[in-house]
Amino acid sequence: MALLSACFIGSCLGSVGNSSCCPKHWKAFGSSCYFISVEEKTWPESEKNCSAMQAHLLVVTTEEEQNFIIQNLDTKSEYYIGLSDRDRPLHTNKRHWKWVDQTPYNESATFWLSGEPNSHNERCVLLHFHSLTKKWGWNDVFCDGHYKSICKMTKIYFSAEKSLSACA
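As a starting point, this report considers the structure included with it. Small disclaimer: the values here were computed from a predicted structure and weren't measured. (Residues numbered from 1 in each chain as written. Predicted model: local features only at pLDDT ≥ 70, side-chain atom pairs only at ≥ 80, totals over all residues. Heavy atoms only, no water.)

Applying the stated criterion across every chain, the model contains 6 salt bridges. Here Asp85 makes a salt bridge to Arg88, at a shortest N to O gap of 2.5 Å. For the pair formed by Asp85 and Arg88, the shared burial category is buried. (Salt bridge = Lys/Arg side-chain N within 4 Å of Asp/Glu carboxyl O. Buried < 20%, exposed > 50% of the residue type's maximum accessible area, 1.4 Å probe, protein only.)

Considering all chains together, one arrives at 10 aromatic pairs under this definition. For the pair Trp99 and Trp138, a centre-to-centre distance of 5.6 Å together with 80° between the ring planes defines the contact as edge-to-face. One end of the pair, Trp99, is in strand β7 (residues 98-99); the other, Trp138, is in strand β9 (residues 135-141), and 39 residues separate them in sequence. The burial state of Trp99 is the same as that of Trp138; both residues are buried. Ring plane angle 80° and centroid distance 5.6 Å describe the contact between Phe111 and Trp138, whose orientation is recorded as edge-to-face. (Phe/Tyr/Trp six-rings, centres within 6.5 Å; stacked < 30°, edge-to-face > 60°. Helix = DSSP H or I, 4+ residues; strand = E, 2+ residues; numbered from the N terminus.)

This paragraph deals with the environment of Val59. Its place among the elements puts Val59 in the loop between β5 (56-57) and α3 (63-70). Among the residues examined, Val59 registers a relative accessible area of 1% and is labelled buried. As a C-alpha pair, Val59 and Val100 span 41 residues in sequence and 7.4 Å in three-dimensional space. In this view, Val59 contacts Glu65, Trp99, Val100, Asp101, Thr103 and Lys152; residues no more than four positions away in its chain are not counted. (Contact = heavy atoms within 4.5 Å.)

Core analysis: the largest hydrophobic core is formed by 21 residues, its most contacted members being Leu58, Ile69, Leu73, Ile81, Leu83, Leu127 and Trp138. Put simply, the parts of the chain that give this core at least two residues each are α3, β6 (79-84), β8 (124-130) and β9. Leaving out residues up to four positions away in the same chain, Ile69 has contacts with Tyr34, Leu58, Leu127 and Ile150. Counting residues in each nonpolar core, the second largest holds 15 residues, with Cys50, Leu57, Leu126 and Met153 among its members. (Core = buried A, V, L, I, M, F, W, Y, C linked by side-chain atoms within 4.5 Å.)

Dropping the structure here:
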């Protein structure tokens, strides 16, 4: 499948030996590929959409990754990411943030806007541009709101010689 996919790659790195690529219309950063969806969906619909592309909603692991993502976003839009508190029982107020890919939630590597998270009823997270501070950050929201989203997948790795001959 990776060999077939290589024929439809938008941006490949390297020409000899092993190469890594992202699908067309995806953006490459580090060992990952990112897709910024312009369709507005609920959080569960957004995650399902990413899964259909063999990806998941964005999981942010570093400040560098967050900075790469925000430079590609429209400040007039908001974007779901793969962090939620959806599994927390309704009767408890203790937050239990979880990433969709099971990456451990690291309290010291978060990018919450000032005052966020601010409601125990808001269980999903999006990237939001705060117009007063002119900064991007995380905001907890209701999961049934319709927003754009960001998908993330690992780059596709393949042998360049084999892929190029297969695409000819």
